[in-house]
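Architecture and fold: a report
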Amino acid sequence: MVAMTVCTLSNPSQVQAATPLEATSDLVNLCSLASPEVPQDFQEDGSSYHYQRRQAIHRVYEAPLRNLDEALLDYDRVTGLMTISGFRRYQARSGAPAIRFRNECILSFEFDEERAHDVVTKIRMGTAELRIGFLVAAHDDYDVQYCDVDGTDERESELVVDLLYARLVDLEGDTDSEVLGTYQTRIGHERALRQSTLMVDTARRVVPEVETSHFQWRPRGQSWRADFEEGEKPESLDNIQGSLKATLERAFYPCYLRALSRNASLQGALVMEVPFDQTTRGEPRFLMDTLDDEGLRGCIQERLPAIDSVE
C-alpha cells in the first residue's frame with residue numbers, strides 16, 4: 001500500500017529581504033533573464049527559464065555603487081541637502097551591465113554643511129559608498145525586457161530598474177556598514193508601507209506552519225484513481241490516518257524551520273508518495289515540489305524513517 005500526502009508549508013510573517021548583487025557575475029546573470037522570450041540557450045528547457053525569470057523579477061536587489069564621481073555630488077546650503085543625480089547610468093562593476101533608473105530622480109540626503117563635506121571626503125577616499133535597492137523594470141509587466149544591449153558589445157548592456165531606496169554607508173563606522181543617510185523614492189515608500197501593513201496584519205500569526213492538507217491511501221502498484229477493492233483495505237489504515245498526518249507535520253516542521261533560516265521567503269507545497277507494508281517503509285518519492293529546496297527535501301528524507309512503522 002502507498003500513502004500520498006500533500007504538505008503545505010507557509011511562513012505568514014515573511015518580509016522580503018534584499019538580494020545582494022556584489023559581483024560582476026551577479027549582475028550578468030540577472031541580465032541573462034531579461035527577455036520575456038526564451039533565449040536560444042534555454043530552448044530545450046523553456047519552463048525552467050520562465051520559472052527562474054519569475055523568481056528574479058519579483059526580488060528586491062541591493063547593489064553598491066562604488067567609486068562615485070565627485071562631480072555628481074552637490075550640496076545646497078539653503079536646503080541643507082546633498083544630492084546625487086539619478087538621471088544617468090551607473091557602472092556598479094567593471095564588465096557588468098550599467099544600471100539606469102526608470103523612475104529618474106534626484107537622490108537627496110539631509111546633512112549640515114560640515115557633515116556633507118565629511119561624507120564627500122569619505123566617498124573620495126573609498127571609505128563610504130552608495131548602496132541602492134531596486135526592482136527590475138519587469139516587476140509590474142512580465143513582457144518588459146529589462147536589460148538592453150547596444151549593438152553586440154556586452155559591456156554596453158544596460159540594466160533598467162525602478163529605484164526603491166539609496167543608502168550612503170560608512171565602511172569604517174563603529175558598526176559594520178553604518179548608514180550615514182537614506183533616500184527613498186515614491187515607489188520605495190509605497191512598498192515599505194505595504195510591507196508594514198503586512199507585518200501588522202500577520203503579527204498574530206508569526207509561527208511558520210506545516211499542514212498535511214490532503215492524504216490518500218492506495219494499493220501498491222496502482223494509479224491514484226484506483227481504490228481498494230471491497231474488503232481489501234486494512235481497517236487499521238483509517239484508524240492511524242489522523243495520527244500519521246500529525247506525525248508527518250511534526251517530523252517535517254524542523255526541516256522547514258531550518259530551510260527558513262536559509263531563505264526567509266520560502267513557502268509552497270510538497271506532494272509525496274510513501275510505500276508502506278506491515279514491517280517496512282519504502283523510499284519516498286516527490287511527485288511535486290514548489291519549494292525547490294534540496295536541503296529541505298534531504299531533511300525530510302532523513303526524518304521519515306524515524307516515524308513508527310504502520311501496523
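Residues numbered from 1 in each chain as written. Predicted model: local features only at pLDDT ≥ 70, side-chain atom pairs only at ≥ 80, totals over all residues. Heavy atoms only, no water.

1. Concerning the overall build of the chain
Check the secondary structure of the chain and you find 6 helices and 14 strands. Within the chain, buried positions represent 42% of all 311 residues. Here the contacts in the chain between residues at least 6 apart in sequence split such that 70% fall between residues at least 24 apart. As presented, the chain carries roughly 17,400 Å² of accessible surface, and 46% of it is formed by carbon and sulfur atoms. (Helix = DSSP H or I, 4+ residues; strand = E, 2+ residues; numbered from the N terminus. Buried < 20%, exposed > 50% of the residue type's maximum accessible area, 1.4 Å probe, protein only. Contact = heavy atoms within 4.5 Å. Areas by Shrake-Rupley, 256 points an atom, 1.4 Å probe, with all protein chains shown as cover.)

2. Overview of the pattern of salt bridges
Following the criterion strictly, the structure yields 13 salt bridges and no others. Ionic pairing is found between Glu70 and Arg124, a salt bridge with its closest N-O pair at 2.9 Å. A residue pair is termed long-range when its members are at least 10 positions apart, and Glu70 in the loop between strand S3 (61–65) and strand S4 (73–76) and Arg124 in helix H3 (residues 113–125) qualify at 54 residues. Among the ionic pairs, Asp162 bridges to Arg102, the shortest N-O distance being 2.6 Å. Within this pair, whereas Asp162 is found in strand S10 (residues 158–170), its partner Arg102 is found in the loop between strand S6 (98–101) and strand S7 (106–110), the two being separated by 60 residues in sequence. Judged by its relative accessible area of 3%, Asp162 falls in the buried class. We classify Arg102 as partly exposed; its relative accessible area is 34%. It is possible to trace a salt-bridge network through shared partners that takes in Arg89, Arg100 and Glu158. (Salt bridge = Lys/Arg side-chain N within 4 Å of Asp/Glu carboxyl O.)

3. What to know about the pairing of strand S5 (residues 81–85)
The two faces of S5 differ: Met82 and Ile84 on one face are buried, but Leu81, Thr83 and Ser85 on the other face are not. Linking S4 to S5, which pair antiparallel, is a turn of 4 residues; within it Gly80 sits at a positive phi near 70 degrees. Where S5 and S7 come together, 5 bridges link them in antiparallel fashion. Bridge pairing in S7 places Met82 opposite Phe109. (Pairing = 2+ DSSP bridges.)

4. A look at the sheet that holds S4
With antiparallel pairing, 3 strands are arranged side by side in an open sheet as S4-S5-S7. Unpaired on one side and paired on the other, S4 and S7 mark the two borders of the sheet. Neighbour-to-neighbour, the strand axes of the sheet open up by a mean angle of 25 degrees, direction not taken into account. Here S4 runs beside S5; their pairing, made up of 4 bridges, is antiparallel. Looking at the pairing, Asp76 lines up with Leu81 of S5. (Axes fitted to C-alpha atoms, helices over the stretch in contact; angles between N-to-C directions.)

5. Description of H3
Given a rise of 1.5 Å per residue, 13 residues ought to cover 18 Å, and the 19 Å separating the end C-alpha atoms of H3 matches this to within 8%. Here H3 has its buried residues at Ala116, Val119, Val120 and Ile123. Taken around the axis of H3, the buried residues stretch over an arc of 100 degrees, which confines them to a single face. Away from its buried face, by an angle of more than 90 degrees, H3 presents the exposed residues Glu114 and Met125. At its buried positions, H3 is contacted by S4, S5, strand S8 (128–136), S10 and strand S11 (178–184). Capping the start of H3, Asp112 holds a side-chain oxygen 3.3 Å from the backbone nitrogen of Glu114, two or three residues further along. Among the residues trailing H3, Gly126 stands out with phi positive, at a value near 80 degrees. (Expected span 1.5 Å × (residues − 1). Arc of directions from axis to C-beta. Polar contact = N/O pair within 3.5 Å; in protein donor to acceptor, adjacent residues only side chain to side chain.)

6. A closer look at the nonpolar core
In this structure, Ile99, Leu107, Leu130, Tyr146 and Leu159 are the most contacted members of the largest nonpolar core, which totals 47 residues. Sort the elements by how many residues they give to this core and S10 lands first, with 6 residues. Not counting the four nearest positions on each side in its chain, Leu130 is found in contact with Ala63, Pro64, Leu65, Leu68, Ile84, Leu107, Phe109, Ala166, Arg167 and Leu168. In this structure, Leu244, Ala259, Leu266 and Cys299 belong to the second largest nonpolar core, which totals 22 residues. (Core = buried A, V, L, I, M, F, W, Y, C linked by side-chain atoms within 4.5 Å.)

7. Points about the environment of Ala264
By the element assignment, Ala264 lies in the loop between helix H5 (235–262) and strand S13 (268–275). Classification of Ala264 as partly exposed rests on a relative accessible area of 40%. The spacing of Ala264 and Ala17 is 247 residues in sequence and 7.9 Å in space, taken between C-alpha atoms.

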